[in-house]
Amino acid sequence: MSKLKVLTSDEFPLAIATGSVLVDFGAPWCSPCKAMEPILAQLRDELEGKLFVAKVDVDATPELAAQLGVMSVPALMLFKDGQKLASRTGAQSAKQLLEFVQPAL
């Protein structure tokens, strides 16, 4: 199971521009963020070709986090063709994540 793609501020707009994208905003020091990594990787593998799953390190890209209103981590944002469909904060189970991404599939 490979790690999720970590997006930079420059990569973010292009990454969400087309298709269905789930972005996990987190930080290396965040325990719930670390706990979510294998669940997100599993979701990415299960929905390959339907959903792109990526991460944003809020410590490395604070301006992007501020621009998108990320106040706490983990924060999840769901995009479809560049438009934000939904957001959610806090650790999620695999079942909760699957339900969360359904509108974009």
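Residues numbered from 1 in each chain as written. Predicted model: local features only at pLDDT ≥ 70, side-chain atom pairs only at ≥ 80, totals over all residues. Heavy atoms only, no water.

S.K.: Kindly report on the packing of aromatic side chains, identifying the contributing residues and their values.
M.R.: Per the counting criterion, the structure on display carries two aromatic pairs. Centroid distance F12 to F25: 6.2 Å. Interplanar angle 55°. Geometry classified as tilted. Highlighted residues: F12 in helix α1 (residues 12-17) and F25 in strand β2 (residues 20-26), separated in sequence by 13 residues. Assigned by exposure class, F12 and F25 land together as buried. Ring centres 5.7 Å apart and planes at 80° place the aromatic pair F12 and F79 in the edge-to-face group. Placement of the pair is F12 in helix α1 and F79 in strand β4 (residues 75-80), with a sequence separation of 67 residues. (Phe/Tyr/Trp six-rings, centres within 6.5 Å; stacked < 30°, edge-to-face > 60°. Helix = DSSP H or I, 4+ residues; strand = E, 2+ residues; numbered from the N terminus. Buried < 20%, exposed > 50% of the residue type's maximum accessible area, 1.4 Å probe, protein only.)

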